[in-house]
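What follows is the residue order along each chain.
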Amino acid sequence: KENRSRTFRFCRRWFELRAMCQNSGMLENSNPPPPGLSKGAVHEGMAQFQEMMRQQLESSMHAELEKLLNTAAGEEREVSRKDFEGFKNLFHRFLQVKGPSIEWIKIQRPPEDSIQPYDKIAGTAPPDNVADCLNKLVVVKLNGGLGTSMGCKGPKSLISVRNENTFLDLTVQQIEHLNKTYDTDVPLVLMNSFNTDEDTKKILQKYTHHRVKIHTFNQSRYPRVNKESLLPVSTGLSMTGQSAEGWYPPGHGDIYASFYNSGLLEQLIAQGKEYIFVSNIDNLGATVDLHILHHLVNQPNGKRCEFIMEVTDKTRADVKGGTLIQYEGKLRLLEIAQVPKAHVDEFKSVSKFKIFNTNNLWISLSAIKRLQEQKAMDLEIIVNPKTLDGGQNVVQLETAVGAAIKCFDNALGINVPRSRFLPVKTTSDLLLVMSNLYSLDAGSLTMSPKREFPTTPHVKLGSSFTQVQEYLTRFESIPDMLELDHLTVSGDVTLGKNVSLKGTVIVIANHGDRIDIPAGSMLENKIVSGNLRIMDH
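Because the structure is a prediction, the values reported are computed rather than measured. (Residues numbered from 1 in each chain as written. Predicted model: local features only at pLDDT ≥ 70, side-chain atom pairs only at ≥ 80, totals over all residues. Heavy atoms only, no water.)

### Side note on the UniProt feature "binding site: substrate" (unreviewed entry) in the chain
For clarity, the cut-off: UniProt positions are given in the numbering used here, feature names are shortened, and annotations may be inferred rather than shown by experiment. Helix and strand assignments follow DSSP, with helices taken as H or I runs no shorter than four residues and strands as E runs no shorter than two, numbered in order from the N terminus. Think of it in three bands: with a 1.4 Å probe and only protein chains considered, a residue is buried below 20% of the maximum accessible area for its type, exposed above 50%, and partly exposed in between. Any two residues whose heavy atoms approach within 4.5 Å at even a single point are treated as in contact.
The residues that UniProt annotates with the feature "binding site: substrate" (unreviewed entry) are His-252. Along the polypeptide, His-252 turns up in the loop between strand 9 (247-248) and helix 8 (255-262). On the basis of relative accessibility, which here comes to 27%, the residue His-252 falls in the partly exposed class. Residues in contact with His-252, not counting those within four places in the same chain, are Leu-142, Met-191, Asn-280, Asn-359, Thr-399, Ala-400 and Val-401.

So, in structure tokens, the structure goes:
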């Protein structure tokens, strides 16, 4: 307690002095220093004080982490010790950051050949050695998220999305289809978090007789830190009671260290695997693409591509998505969190930054091993502020998997069709993938040929539809949406069987009203509002 209190006082004093110096102009070149002090002396004094503060904060953090380790024993203690080594490194780098990780003036457009159109890669003849290519591949799905945003308990990957199939079911079906079709052995690897690991492992038993080898490893468990004291909020390693809120999985950028530390990466390399295809498990468009795989595997030796990021054209719905830039001679991912406030609108511009990262990534296993062993994986830190249930303000230090693109040799972007980016984040997305806009074949969703244009409708369901269970009760059957452009539904609304929606449809039930769209209705370019009840007679 005394250690935390002392660190808090140091920390507060650091920020007070820093602010005082900035306000007085001591850190500005245009203002003279106080009498008797040179500018150099002021800056040197500030630098020394900040370094002393950093050392004090790190020392206090290390002491607190050691106390946390002493609350457990055996395997849990050793796993946590390994996790804490990664956290210490992240915390050290966090304290070293002196300003924005990007200088806006240095940003350049990527060279023409660094982002290739998918058509150019897909235009080549299909490879004869498909099986050879596939046998070098491992499919990795990021499976650390919960379904809480859609009102579901447990891992998001276990939510039913189509014909009673879950995200995980569809993934297994896709890979099994490849293995059966080409007589190959493409394994599936799930990166779980402490939130999803137990439930996922229970469900994996159902796939025992499928032709897919499934491996799992856990991403790290890091301590949330108090926003003011910069010390862990948890008092023990336990995941029960009050301590549970003190931990978080540190973003998908943790894949490199966790994969390496698990021993699984080494094991797969020993089996002759060369590349991983990584994607979010809730992106139903992220299937193994044989053209991209062939392009990757058949690069000339001197120019072996170690990292491919799939990007796609940005629309107004994607303005916050990370984009690729050229920065200091390297291809680099620029996230909105790194953008200075004065340039946020410019970053969101569809005309200047035309593409965004789908988080479908193809990465060399041997390159991951090399970079981990050289400790050369330098990912920008994302500082994610949170407020706990009790009102306590905390900070999570996270990293993004795509940020590593700058660390790999001959990295490349491929501008893929929008169909490869089909994430299901909300029930509005769920309605699209459950509808007749898509057909399902061997675990893969493809746009129906009956749809006359390739873009998906814009769907916005109100708060009454947020939770999956309530959403399902409001549709007696999923409407025909083949000719739909835009759908907005708000308030207490239900839709009967065999409803057809075309063009732009807006249904708004005001507070206290209810609208029941009758079975068999066809709504085309209609606004429905007010009160409409269908009662059983």
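### Observations concerning the packing of aromatic side chains
Quick note on the threshold: Two rings from Phe, Tyr or Trp (for Trp, the six-membered ring) form a pair when their centres are within 6.5 Å of each other. A pair whose planes differ by under 30 degrees is stacked, one over 60 is edge-to-face, and the rest are tilted. The rule for a charge over a ring is simple: NZ of Lys or CZ of Arg within 6 Å of the ring centre, and within 35 degrees of the ring normal.
Applying the stated rule across the entire model yields 14 aromatic pairs. Pairing Phe-356 with Phe-421 gives two aromatic rings, centres 5.1 Å apart and planes at 80°, and the pair type is edge-to-face. Of this pair, Phe-356 sits in strand 14 (residues 355-364) while Phe-421 sits in the loop between strand 17 (412-415) and helix 13 (427-434), and the two are 65 residues apart along the sequence. Across the pair, exposure class does not vary: Phe-356 and Phe-421 are buried alike. One aromatic cluster is present, formed by Phe-87, Phe-91, Phe-94, Tyr-222 and Tyr-248 through successive ring pairs. Cation over ring: Arg-221 sits above Trp-247, and NZ or CZ is 4.5 Å from the ring centre. Across from the ring centre of Phe-347, 5.1 Å away, lies the NZ or CZ of Lys-314, which sits over that ring.

### Details of empty space enclosed by the protein
Convention followed: Whether a set of points on the 1 Å grid over the protein atoms alone is a cavity depends on a 1.4 Å probe fitting there but being unable to get out, while an open set qualifies as a pocket with protein on both sides within 12 Å along at least five of seven lines; lining residues are those with an atom within 4 Å of a point. Grid points are joined across faces, edges and corners, and a volume is the space filled by probe spheres set on the points. Polarity classes work like this: nonpolar for Ala, Val, Leu, Ile, Met, Phe, Trp, Tyr, Cys and Pro, charged for Asp, Glu, Lys and Arg, and polar for all others, with Gly in that last group.
By the definition in use, this model includes one cavity of 30 Å³ or more. A volume near 30 Å³ is recorded for the largest cavity. As for the largest cavity, its lining consists of Lys-141, Phe-167, Leu-170, Thr-171, Gln-174, Ile-281, Asn-283, Leu-284 and Ala-286. For the lining of the largest cavity, the element with the most residues is helix 6 (residues 167-182), which contributes four residues. Across the lining of the largest cavity, the residue classes break down as five nonpolar, three polar and one charged.

### Quick look at the sheet that holds strand 5 (residues 188-192)
Cut-off, in case you're wondering: Strand pairing is defined by DSSP finding a minimum of two bridges between the two strands. Helix axes use the C-alpha atoms of the stretch in contact, all axes being lines fitted to C-alpha atoms, and the angles between their N-to-C directions lie in the range 0 to 180 degrees.
Taken in spatial order, the eight strands line up as 1-17-11-14-10-2-5-6 in an open sheet, and their pairing is mixed. For this open sheet the edge positions go to strand 1 (115-117) and strand 6 (214-218), each flanked by a neighbour on one side alone. On average, each strand axis in the sheet is tilted by 25° relative to the strand beside it, whichever way the strands run. Relative to the sheet, helix 6 contacts strand 2 (137-143), strand 5 and strand 6, its axis offset from that of strand 5 by approximately 155°. The strands touched by helix 8 within the sheet are strand 2, strand 5, strand 6, strand 10 (275-280), strand 11 (307-313) and strand 14, with strand 6 carrying the most contacts at an inclination of about 115°.

### Quick word on the side chain of Asn-179
What counts, and what does not: Contacts described as polar in this section are N or O atom pairs within 3.5 Å, which, within protein, must combine one atom able to donate a hydrogen with one able to accept it, while residues neighboring in sequence count only if both atoms come from side chains.
Position of Asn-179 among the secondary structure elements: in helix 6. Among the residues examined, Asn-179 registers a relative accessible area of 1% and is labelled buried. A distance of 3.0 Å separates the side chain of Asn-179 from the backbone oxygen of Arg-211, its partner in a polar contact. For Asn-179, the contacting residues outside a window of four places in its chain are Thr-184, Asp-185, Val-186, Arg-211 and Val-212.

### Let's talk about unusual backbone geometry
The backbone of Asn-410 shows a phi angle near 55°, a positive value even though the residue is not glycine. Relative to the elements of secondary structure, Asn-410 occurs in the loop between strand 16 (393-398) and strand 17. Even without being glycine, Asn-525 reaches a positive phi, approximately 50°. Within the secondary structure, Asn-525 is located in strand 25 (residues 522-529).

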